[in-house]
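Results of the structural survey
Here is how the chains run, residue by residue.
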Amino acid sequence: MVGGGGNRMGEWWAATEPQSSHSKAGAHMDNYEGSRNLNEKLHPSKQRLLVVANRLPVSAIRLEGDKWDLQLSAGGLVSALLGVKHSFETRWIGWPGVSVHDEKGRASLTEALALKGCVPVFLDDDTVDQYYNGYCNNVLWPLFHYIGLPQADRLAATRSLDSQFQAYQHANSLFAKIVFSQYQEGDVVWCHDYHLMCLPQKLKELNPHMKVGWFLHTPFPSSEIYRTLPLRSELLKAVLTADLIGFHTYDYARHFVSACTRILGLEGTPEGVEDQGKLTRVAAFPIGIDPERFISALETEQVKLHVKELLRFFAGRKVMLGVDRLDMIKGIPQKLLAFEMFLEKNPQWREKVMLVQIAVPTRTDVHEYQRLTSQVHEIVGRINGRFGTVTFVPINHLDRSLAFHELCALYASTDVVLVTSLRDGMNLVSYEYVACQHMKNTEGVLVLSEFAGAAQSLGAGAILVNPWNIREMYKAIEEALTMSDEERKERHRHNFTHVMTHTAQAWAVNFVSELNDTYVEAELRTLNEPPVLPVDTAKESFRRCTNRLLIFGFNSTITAAVEAPRRDQIKESKLGLHPGMKDSLKTLCSDPNTDVVILSGSRLDVLEEVFGEYGIWLAAENGMYLRDLSGNWMPTMEHLNMDWKEYVQRVFDYFCQRTPRSYVEKRETSLVWNYKYADVDFGKVQARNMLQHLWTGPISNAAVDVVQGQKSVEVRPIGVSKGAAIDRIVFEILRNKYPNGSYTSNIQFDFVMCVGHFLSKDEDVFAYFDPEIVLHRDYRCSNGKMERNLDPRLPAKSYDRVSSKSNKTSVVRTKTYPLISPDHNGSHSSSSHSRSNSSKDGSIYSYSDRDLMGDLVNVSSDTYISCAVGKKRSSARYYLDTVNEVVSFVKSLADACPCELDSEDQSVLSVGSGSGPHVSPCSADSLPNGIPRHDL
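Residues numbered from 1 in each chain as written. Predicted model: local features only at pLDDT ≥ 70, side-chain atom pairs only at ≥ 80, totals over all residues. Heavy atoms only, no water.

1. Notes on the overall build of the protein
Rules: In DSSP terms, a helix is any run of H or I states spanning at least four residues, a strand is any run of E spanning at least two, and both are numbered starting from the N terminus. Burial status follows relative accessibility: with a 1.4 Å probe on protein chains alone, a residue under 20% of its type maximum counts as buried, one over 50% as exposed, and anything between as partly exposed.
Looking only at helices and strands, the protein features 33 helices and 36 strands. The buried share among the 936 residues of the protein stands at 57%.

See below:
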């Protein structure tokens, strides 16, 4: 909104009592009840809301001594938030717009602002120059509005960019310090606009449990534009620490997610952006105004008198209105040129139509704005000279702002409003015009640029135009002036309904409500950040236990370093064992009281090639195949129906041909289509199309899971996961040690360690042995996944959202089967019941999953170690950052291993260890698809 004047000052705070310096923390809105109705949502008990913006809603002018004159500032954000204080106990934090160097002056201004619910952030002149005038207005603002830097100034701007960015970060730190001083538990912190993109990160560093939302009031450019910013990644990462990120339109939100995907390599989802289990919600929240404020103003005598004066002045003519800042993005020259063309093409309208253009000066000290002012004045003078007369000029141009009552009267008195922004976040002039037109008998027409955010909200009732197309604009002016009364009323009805419904109050309530819900969801969804693994403690537990089970992942856990993938790469780099692991692994495998398992999604031949020389248990393809210490491979699920592979292979091949740099990974029991080296957005579109083919094709009724991973689509038999294979692995290890079935409940694993860089869908391995989860947490098991029950306070929409998005890699189409394997007749038997296997000597061995696990494993919190590698958010109990740290830790375990054998003994044991013979439990001579057991 354009306007100003101290007479509007009281309206900002009239709706609520003055704020004290410390409000009570008990007045919080409860957003966790699932049965809230709309009336409760729009009229909640007041919650403290800290609104943080670059500028306070007031401009401070110092009078004599320590007295201050506070005037309400102009701007769309101020206009939008005028009605927010009806619903929230609001405190506004920002820069007062004036430099105050003396402590006495700062104290008096702080006191004056406190009475109005405002808290100042004082910035020195150099910071203001480099932070506000420099980085904000010369770098971010042009970039976000698709203007960019002038080519002649680019090198000079680049050289000073570092100092400007440092000032930007420093200013954000000062804002964070003031916000933290005002913060009370339960408060919602709402950061606004591109001036404060680093603020969410700095606030989370001070208090990670703070509810922080960030809203952008400008467009967010496409990723191709944004990626030209030199410090692009730092700003994206800082903003992503917020709990909720809001934009005016879906297009802006889509651009932001795309930038995070393309630049940071994160996963974009319909909910937002995910980074190692942490989801930052990204959504569109179209801003509104307080329409009642404008409608009420029309009833005042001051406005009515001014309307009469304007109608008398405009008598006999159609009047078009433009209200803009004198800014490059507002399209004022384009508007004037279109009006000039209209007068050229329609001589009958000359002296019958006039344009009133309010152009509020801004940044008058900047050369580009001075040049724009001269250009506008030149065009206005030319048009008035060509089509004006002694008694009439077609354009009334004002280089100033208007008081609120003057603006309302002008809105109510005109027939057409022209909003011709070349690029605009929302543009609330269109909303204000619609609100003020409702009292007329002949409603006005809104001509609206399609590049303004309001076009997505008011497009149904407006005439949308491309402001770059002057001919199209002049046709729109012609249409607006000749429109029938019936069409005017119908268009206005659409717009007025939207303006009255989507108010500033509803906008703020919706955002804060969504932020509260998102915060609760994040607590339930987001995995904790485990502490670093205490190496000495783990080594001591390992040393004093007598029967140990060590489970390692392979890729990114104990693999050798490989060259970073290139954009032109189309194949995975060949994986190999880290050189530092070789001796340690041989030492551990040589200990008869220690059993080592490599649990991987890799193929059998890959694991065989890397670990063939070790006496080690190998679980390939997510546990579908298990190799014992003798080198025999066995399936953990037998007689699988693989008829679906041929059809899936054809579908994958079809999409490989149409998606450059995508490829298919062929495994014995699954197929994976990988597009990690393809264009990210195109790959996602192709993946969605592929899923439709798979869901509706011949495999729609097959017992398979279609799993959408990070940049991949996998089809595999249902119920297959690393966690689902653990029970069989543990059973086979103990059966191998005691082949005659001589083990009892006294022979158990008393130390279990699970270390790996697992996908989210495979992290149930960590939970499988954890005694605390088994004893104290309530989980549901579905298809091998452990799911935590959700907080009953969560609203229904949040419950559904968490349920559907709880895992980063989710099963998109699955059926609810128990973990089963078909018998020889094709029927299925549940793995929760005992299964039997016959050994060569005729002994019968049985196992079941959880029933038997209590007899096979007996660990406590001290003797169970789960450790995620390279994932700071995980369900594991501990964390190691790199493969080198894993190698160092395993070496310390090997050094603590009580069994130290000479090299000759190690060479013997490297091909098989354990106290008994190694017998394959399966009688078949080969695996499915004809793979021999002994001849891989």
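2. Remarks on the packing of aromatic side chains
In plain terms, the rule: Any pair of Phe, Tyr and Trp rings, taking the six-membered ring for Trp, is counted once the centres come within 6.5 Å. Such a pair is stacked with planes under 30 degrees apart, edge-to-face with planes over 60 apart, and tilted for the rest.
In total, this model carries 32 aromatic pairs according to the counting rule given. Ring centres of Phe220 and Phe256 lie 5.4 Å apart, and the angle between their planes is 80°; this geometry places the pair in the edge-to-face category. A residue pair is termed long-range when its members are at least 10 positions apart, and Phe220 in the loop between strand 7 (211–215) and helix 9 (223–226) and Phe256 in helix 11 (residues 250–264) qualify at 36 residues. Each member of the pair, Phe220 together with Phe256, is buried. Plain terms: the ring middles of Trp673 and Tyr675 are 5.2 Å apart, the flat faces sit at 35° to each other, and that makes the pair tilted.

3. Observations regarding the packing of helix 23 (residues 582–590) against helix 32 (residues 883–896)
What counts here: Fitted lines through C-alpha atoms serve as axes, helices being fitted only where they are in contact, and the angles separating the N-to-C directions of these axes extend from 0 to 180 degrees. Angle categories: roughly parallel below 35 degrees, roughly antiparallel above 145, roughly perpendicular from 65 to 115, and oblique for all the rest. Crossings are assigned a handedness: left-handed for a near helix turned anticlockwise from the far helix by less than a right angle, right-handed for a clockwise turn. We call two residues in contact whenever any of their non-hydrogen atoms come within 4.5 Å of each other.
For the pair helix 23 and helix 32, interaxial distance at closest approach is 9 Å and the crossing angle is 40°. One element, helix 23, and the other, helix 32, form an angle in the oblique class. Handedness of the crossing formed by helix 23 with helix 32: left-handed. For the pair formed by helix 23 and helix 32, the contact residues are Ser584, Thr587 and Leu588 on the first element and Val890, Lys891, Leu893 and Ala894 on the second.

4. Some details on helix 24 (residues 604–611)
For helix 24, the buried fraction is high: 6 of the 8 residues fall into the buried class. Contacts from the buried residues of helix 24 go to helix 23, strand 19 (594–599), strand 20 (617–620), strand 21 (625–627) and strand 22 (633–635).

5. A short note on the pattern of salt bridges
Convention followed: Think of a salt bridge as a Lys or Arg side-chain nitrogen and an Asp or Glu carboxyl oxygen that are within 4 Å of each other.
Applying the stated criterion to the full structure yields 29 salt bridges. In this structure, the salt-bridge partner of Lys204 is Asp243, at a minimum N-O distance of 2.9 Å. Remark: Asp243 occurs in the loop between helix 10 (232–239) and strand 8 (244–247) and Lys204 occurs in helix 8 (residues 199–206); sequence separation between them is 39 residues. When salt bridges with common partners are traced through the structure, they connect Glu340, Glu344, Arg382 and Arg386 into a single cluster.

6. Quick notes on the packing of helix 13 (residues 301–314) against helix 16 (residues 404–413)
In the contact formed by helix 13 and helix 16, the axes pass within 9 Å of each other and the chain directions differ by 45°. As far as their axial angle goes, helix 16 and helix 13 are oblique. Note that helix 13 runs across helix 16; the crossing there is right-handed. From helix 13, Gln302, Val303, His306, Val307, Leu310, Leu311 and Phe314 reach across to helix 16, where they touch His405, Glu406, Cys408, Ala409, Leu410, Ala412 and Ser413.

7. Quick look at the sheet that holds strand 18 (residues 548–552)
Paired through backbone hydrogen bonds, the strands of a sheet run either parallel or antiparallel to each other. To keep things clear, this is the line we draw: Two strands qualify as a pair provided that DSSP identifies no fewer than 2 bridges between them.
The strand order across the open sheet formed by 8 strands is 22-21-20-19-18-27-35-36, and the pairing between neighbours is mixed. Here the strands that pair on one side only, and so sit at the sheet edges, are strand 22 and strand 36 (878–880). When the angles between neighbouring strand axes are averaged without regard to direction, this sheet yields 20°. Sheet strands touched by helix 24: strand 19, strand 20, strand 21 and strand 22. Its angle to strand 20, the strand with the most contacts, is close to 155°.

8. Structural notes on the sheet that holds strand 16 (residues 445–449)
As summarised here, the arrangement of the 6 strands in space is 14-13-12-15-16-17, forming an open sheet in which the pairing is parallel. Every other strand in the sheet has two partners, leaving strand 14 (395–398) and strand 17 (463–465) as the edge strands with one partner each. Between one strand axis and the next, the sheet turns through 20° on average, direction left out of account. In this structure, strand 15 (residues 416–419) lies alongside strand 16, joined through 4 bridges in parallel fashion. By the bridge assignment for strand 16, Val416 is matched with Val445.

9. Considerations on unusual backbone geometry
A positive phi is found at Tyr146, a non-glycine position, where the angle reads about 65°. Positionally, Tyr146 belongs in the loop between helix 5 (125–144) and helix 6 (154–159). Positive phi outside glycine occurs at Asp193, with the angle close to 80°.

10. Topic: helix 11
Stated precisely, the cut-off is as follows: Multiplying 1.5 Å by the residue count of a helix minus one yields the expected span of that helix.
Compared with the 21 Å implied by 1.5 Å per residue over 15 residues, the 21 Å span of helix 11 between its first and last C-alpha is a close match. Judged by how many residues are buried, helix 11 sits mostly within the fold: 11 of 15 residues are covered. Every buried residue of helix 11 is accounted for by Tyr252, Ala253, His255, Phe256, Val257, Ser258, Ala259, Cys260, Thr261, Ile263 and Leu264.

11. Quick look at a negative patch on the surface
Convention followed: Each patch is built from residues that are more than 30% exposed by relative accessible area and take part in no salt bridge. Like charges join if they lie within 9 Å; nonpolar side chains (Val, Leu, Ile, Met, Phe, Trp, Tyr) join within 5 Å. For every accessible area listed, the method is Shrake-Rupley and the probe measures 1.4 Å; residues are considered covered only by the protein chains on display. In this tally, Asp and Glu contribute negative charge and Lys and Arg positive charge; neither His nor the terminal groups of the chain are included. Each charge is placed at NZ for Lys, CZ for Arg, CG for Asp and CD for Glu.
A cluster of acidic residues, Asp124, Asp125, Asp126 and Asp129, forms a negative patch on the protein surface. Positionally, Asp126 belongs in helix 5.

12. As for the pairing of strand 12 (residues 318–325)
Quick reminder of the rule: Orienting the strands away from the viewer, one traces the path from the first strand over the helix to the second; a clockwise path indicates a right-handed crossover.
Taken across its 8 residues, strand 12 has 6 buried, putting it largely inside the fold. This β-α-β element, strand 12 to helix 14 (residues 332–345) to strand 13 (residues 353–360), shows right-handed connectivity. The pairing of strand 12 with strand 15 spans 2 bridges and is classified as parallel. The residue bridging Leu321 from the neighbouring strand is Val417, located in strand 15.

13. Focus: the pairing of strand 13
Along strand 13, 8 of the 8 residues are buried, which leaves the element largely enclosed by surrounding structure. A two-sided burial pattern is seen for strand 13, the buried positions comprising Val353, Leu355, Gln357 and Ala359 on one face and Met354, Val356, Ile358 and Val360 on the other. Judged from the 8 bridges that link them, strand 12 and strand 13 form a sheet pairing that is parallel. Looking across to strand 13, one finds that Met320 is bridged to Leu355.

14. Considerations on the side chain of Arg667
Short version of the rule: Polar contacts, as counted here, are pairs of nitrogen or oxygen atoms within 3.5 Å of one another; within protein the pair requires one atom able to donate a hydrogen and one able to accept it, and residues that are adjacent in sequence qualify only if both atoms are side-chain atoms.
Relative to the assigned elements, Arg667 resides in the loop between strand 23 (663–666) and strand 24 (671–674). Overall, the relative accessible area of 14% leaves Arg667 in the buried class. Of note is the side chain of Arg667, whose polar atom sits 3.3 Å from the side chain of Glu665. Excluding residues within four positions of it along the chain, Arg667 makes contact with Gly601, Arg603, Glu621, Asn622, Lys645, Val672 and Glu714.

15. Here we look at the side chain of Arg877
Mapping Arg877 onto the fold places it in the loop between strand 35 (864–869) and strand 36. Given a relative accessible area of 16%, Arg877 falls into the buried group. From its side chain, Arg877 meets the backbone oxygen of Ser861 in a polar contact 3.1 Å long. What Arg877 contacts, discounting residues up to four positions off in sequence, is Pro530, Pro531, Asp770, Glu772, Ser860, Ser861, Tyr864 and Ser866.

16. As for the environment of Val765
Of note, Val765 is situated in helix 28 (residues 764–769). For the pair Val765 and Cys754, spaced 11 residues apart in sequence, the C-alpha separation works out to 7.7 Å. Look past the residues within four positions of Val765 in its chain and what remains in contact with it is Leu599, Lys722, Gly723, Ile726, Cys754, Phe758 and Tyr864.

17. A look at the environment of His693
Counting through the fold element by element, His693 comes out in helix 26 (residues 680–696). Relative accessible area serves as the criterion here: at 37%, His693 is assigned to the partly exposed category. As for His693 and Val648, which are separated by 45 residues in sequence, their C-alpha atoms are 9.4 Å apart. Filtering out sequence-adjacent residues up to four positions away, His693 remains in contact with Tyr647, Val651 and Phe655.

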